[in-house]
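The primary structure of each chain is shown beneath.
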Amino acid sequence: MSTNSPSPIVLQVFRGETDGGREQRFEVPSMEGMVVLDAVHYIQAHFANDLACRWNCKAAKCGSCSAEINGRPRLMCKTRVDEFGDQEIHVGPMRAFPLIKDLVTDVSWNYEVNKEIPGFTAAPDEPVPYRMLPEDTERVYEYRKCIECFLCQDVCHVLRNHDDKSAYYGPRYMVRIAALEMHPLDAQKRTGLLHGKAGIGMCNITKCCQEVCPEHIKITDNAIIPLKERTATEVYDPLARIARKINPFSGAAATTDLPEARQSQSVGPQRFSVKDVVRLKTRGRRMARVGSVLPDGKLEVWVLHMNGKVQHWDGPKVVRVSDVTNNYGPLDDVGIGSKLFEQTLTEHKH
Amino acid sequence: MLVVGAGGAGMRAAIEAAAAGARVAVVCKSLLGKAHTVMAEGGIAAALGNLDPEDNWQVHFQDTMRGGQMINNWRMAELHARESPDRVYELETYGAIFDRTPDGRVMQRPFGAHTYRRLCHVGDRTGLEMIRSLQDRIVQLGIEVHMEVTLTKLLKAGDRVVGAFGYNRIDGAFIAFRSKAVIIATGGWGRLYKVTSNSWEGTGDGVAMGFDAGAEVLDPEMVQFHPTGMVWPPGVRGILVTEAVRGEGGYLTNREGKRFMLEVDPKKKELSSRDIVARAIYKEVQAGRGTEHGGAHLDVRHLGAEKIKKKLPSMYEQFLRLADVDITREPMEVAPTIHYAMGGLRVEAETGATTIPGLYAAGEAAAGLHGANRLGGNSLSDLLVFGRRAGAASAAYQRDVGLGTIDERQIADETKLLLLPLIGEGKENPYLLQQELQQAMQDGAGLAREEKSLKTCLDQVLELRQRAARIHVPGTRKYNPGWHTARDLRFMLTIAEAIVRAAIERRESRGAHWRLDYLEKDPALGRVNFIAYNDGGRVKLKTRPVPEMPPELAVLFADAASPPPASQPPAPKPPKPQPVRT
């Protein structure tokens, strides 16, 4: 690197592991057009070979080099050092996630949440190749720009300040659900999941997430608010309420957007609650509902057996979380859980 | 079974193998969804014929073979051209949404050296769309993924590959996988060069591991320069400027404002094949007609701000943010950047099987499809077509074999090698050594090559190999990038040696391989591929005849035994084929 600029850049980079740490000062020669990631690379090569940071593309396309730069969640590859003038630049890890080392955090929780969202499902008789009109696909592109940098998750006050990752999936996964829900050929419903486990009610529209999005996705305006509206229409429809009254498995569903209700339901990182509908991986992939969540994380489930038109719930059986596939959310009258359940009943009627 | 690499090819292979009933684990060096495939911008080549009904697989096949200067594996090129349309449509069933025609079909754009408008795309983030769709599918199928794990050694029992060994990047713990089959889908080795569009991951691990285990490396000398990488400022040098810029109508000018591609290739102009455009820019710069920072201007201003922002949003953002250039008002400055490795493990066309039982390869890590030069958009379709094939074939293979026995000694040896930089007495800095290698390769085995510079480069590589044994890294095994680089460097040096040795022997200019001391094609060398193989730890070379095309395909090239790309005769128009379902 050339050193044609007189004054070096001063960086304060967080160094430390799970047991804590502190900032370390580095001076890096300045270079035209330099970004923070360049400076971090210089430090790695010349001063601290073992400085941990994630990066891949260095072109703001992969979303790996997320960090907090002077307190603000940003991509290091996209943050120019010259915008800070003579100030020191403080670089630290994302604080909403557990620290691994230096600038690297444990973001695995995000990947676990992702597994709970039912993926794209077209109607079984949808002819391939698909026909989709441009005007119908237009709005989906914005959500699909997401590079999974998790900066929105980092800044989200529900995830960050309350450290309550069991109550809300976070903005990233609202965007993902929006992409699926607005896909012109998707036949799956996720509103039950949204007002249940995904906890869309936890978002109180402070729009912090869309301010930090490096892809400029209007997360709150174009993903969360439309999803809130969609959920409200389907969950709080008066007819649905009556139906819920006579549903034997109805529970706290109608009040789940109250934070208290959500938190009392949440049962730790595995995200299973009483009445959730799951599908077992074993035993013929039967459906089951969760009776209780045991302290060791295992689930006590009641497995659905159809005897002609009559349902039998066998149980309780104790299964490991790894023995069940997607959690479809609570078995209420509007959610995915109930949709699957109805479907199973209908299949057996034939 | 084990899939090494979670880019397009690895994920597609895993999906196919899982669908065939195999128990699959995917291992990737980064987080899931960050693989280099996300950097693919322009599109995926498939002869759907949605915009140009004349297009069909035969034309795509011819374009691919001609682009590769006829040293491609014809069978791979045929399968690729036949099957890519189905793979594109299949990707949409995983949830991808390509840009659309007004009547709702998949939109296609023109691209370098493709006869018709053929590239299915999503703005300029096609790779992201592809990786996300595959990733979602992996999650849906519940396939096991080991993120941030680097594998460094294939474990063998006799001739057969029976597993792999490496470490977890997070805590540095060693990890061994016992598996019936291993698919290498680790991509290329752009990091060998200083100016590259590749991420840190492109260090050739998988291919070098295969090489160490005795597999053959085909066409290592064929390294593609993408004509348009960013030039300025220095920190972004090499970052890709997608070919879609030219596909959408962008044109190149030199400092004098002259559109030089009009002379170089009057027919295809800016959309000539990548090797030709890259050389043209290089020559302009050499002749003193380069731009301020040693490149050419790429201009899209005539498209209008609205179209630029719609069709090239990430280019707009990238230049504005990183170079302070508003491409709706100013031209971009571009120069060639290392982009892709046409070479890789030699595989069987239908199955992706390497020369070692139990070892498969797909995607950039495999060789044969692209010959001496890859056409833009053919890599994404390559990933899907051959990822799927490798997944299916290895799943079938593993049904009939048992798990092999792991030889503990192989693990112990590799462990010792891995730990050396942390406990050894050496003083070499892994990053600086890597930079030296990158500089040496850039200078000696870059775009323009000659005997003398290649030999100097070989000496430097061999010297660096010695010094690499004396690397020292401070700190512990816990998330220590210096330690990771130390091992990556060994892979890079193996590949570098193979590249340089083959480049010396190919005494001709063909495709991406441009020899200043042998400017013409040599018909004799046009009939062979170079193969690097492991001879007791040393890199040795041999040649292998280019597979001969059957007469029914050879007839497509009847008019041009060795076609110059600029002045090829009109291709014979084969009849429109029936859609192929495989």
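Numbering of residues starts from 1 in every chain and runs along the sequence as written. Naming scheme: in the order in which they are written, chains are lettered from A and ligands are numbered from 1. Local features in this predicted model are restricted to residues whose pLDDT is 70 or higher, and side-chain atom pairs enter the listing and the counts only when it is 80 or higher, whereas totals over whole chains, interfaces and linings include all residues.

(A) Geometry of the environment of leucine 155 of chain B. All names here are of chain B. By the criteria applied, helices consist of DSSP H or I runs no shorter than four residues and strands consist of E runs no shorter than two, each listed in order from the N terminus. Of note, leucine 155 is situated in strand 7 (residues 149–157). We classify leucine 155 as buried; it has 25 C-beta atoms within 10 Å. Separated by 73 residues in sequence, leucine 155 and threonine 228 have C-alpha atoms that sit 40 Å apart. The exposure scheme places C-beta atoms from the backbone and then counts, for each residue, the other C-beta atoms within 10 Å of its own, assigning buried at 20 or more, exposed at 12 or fewer, and partly exposed in between.

(B) Quick look at the interface of chain A and chain B. Opposite the 46 residues of chain A that make contact, chain B presents 51 residues. Those elements giving two or more residues to the side of chain A that touches chain B turn out to be helix 1 (36–46), strand 6 (99–101), helix 2 (108–115) and helix 3 (134–144) of chain A. Broken down by element, the side of chain A that touches chain B gets its largest block of residues, 4 residues, from helix 3 of chain A. Note that Gly is not counted as nonpolar here; it falls among the polar residues with everything else outside the nonpolar set of Ala, Val, Leu, Ile, Met, Phe, Trp, Tyr, Cys and Pro and the charged set of Asp, Glu, Lys and Arg. In the side of chain A that touches chain B, the residues fall into 23 nonpolar, 10 polar and 13 charged. By definition, residue pairs are in contact when their C-beta atoms, positioned from the backbone, come within 7 Å.

(C) Expanded view of the nonpolar core. Connectivity within a nonpolar core runs through C-beta atoms within 7 Å, and the core itself is a set of buried Ala, Val, Leu, Ile, Met, Phe, Trp, Tyr and Cys residues. One finds Met174 of chain A together with Ile183, Ile184 and Ala362 of chain B to be the most contacted residues of the largest nonpolar core, which totals 261 residues. Among the elements that make up this core, the one with the highest residue count is helix 15 (residues 481–505) of chain B (13 residues). Apart from the residues lying within four places of it in its own chain, the contact partners of alanine 362 of chain B are Ala9, Ala13, Ile183, Ala185, Gly352, Phe386, Gly387 and Ala390 of chain B. Val278, Val290, Leu304 and Val319 of chain A belong to the second largest nonpolar core, which has 10 residues in total.

(D) Spotlight on the packing of helix 6 (residues 171–181) of chain A against helix 9 (residues 219–235) of chain A. Residues and elements named next belong to chain A. Axis definition: a line fit to C-alpha positions, over the contact stretch in the case of helices; interaxial angles, taken between N-to-C directions, run 0 to 180 degrees. Put simply, helix 6 and helix 9 touch, their axes get as near as 9 Å, and they point 65 degrees apart. Comparing their axes, helix 9 and helix 6 come out roughly perpendicular. Here the hand of the crossing between helix 6 and helix 9 comes out left-handed. Note on element contacts: helix 9 touches helix 6 through Ile219, Ala223, Ile224, Pro226, Leu227 and Arg230, opposite Pro171, Met174, Val175, Ile177, Ala178 and Glu181. Class assignment for the residues of the contact of helix 6 with helix 9 results in 10 nonpolar, no polar and 2 charged. Oblique is the label for every angle not falling under 35 degrees (roughly parallel), over 145 degrees (roughly antiparallel), or within 65 to 115 degrees (roughly perpendicular). Put simply, a crossing is left-handed when the front helix is turned counterclockwise from the back one by less than a right angle, and right-handed when it is turned clockwise.

(E) Layout of the sheet that holds strand 7 of chain B. Residue and element names in this part refer to chain B. On the basis of which strands lie adjacent, the open sheet formed by 3 strands has the order 7-8-9 and antiparallel pairing. Of all the strands in the sheet, just strand 7 and strand 9 (174–178) have a single pairing partner and so form its edges. Strand-to-strand twist across the sheet, computed as the mean angle between neighbouring axes with direction ignored, equals 25 degrees. Each of strand 7, strand 8 (160–168) and strand 9 is contacted by helix 12 (residues 408–423), which is oriented at about 150 degrees to strand 7, the strand it contacts most. Any two strands are treated as partners once DSSP identifies two or more bridges connecting them.

(F) Spotlight on the packing of helix 13 (residues 430–444) of chain B against helix 15 of chain B. Residues and elements named next belong to chain B. Interhelical geometry of helix 13 versus helix 15 gives an angle of 25 degrees and a closest axis separation of 9 Å. Comparing their axes, helix 15 and helix 13 come out roughly parallel. Helix 15 is crossed by helix 13, and the crossing has left-handed handedness. Contacts between helix 13 and helix 15 involve Pro430, Tyr431, Leu433, Gln434, Leu437 and Met441 from the first element and Gly482, Thr485, Ala486, Leu489, Met492, Leu493 and Ala496 from the second.

(G) Structural context of the sheet that holds strand 2 (residues 25–27) of chain B. Residue and element names in this part refer to chain B. Strand order in this open sheet of 5 strands is 6-2-1-10-17, and the pairing throughout is parallel. Edge strands, defined here as strands with exactly one partner in the open sheet, are strand 6 (144–146) and strand 17 (359–361). Neighbouring strand axes in the sheet, compared pairwise and without regard to direction, differ in orientation by 20 degrees on average. Lying over the sheet, helix 11 (residues 378–399) contacts strand 10 (182–184) and strand 17, oriented at roughly 165 degrees with respect to strand 17.

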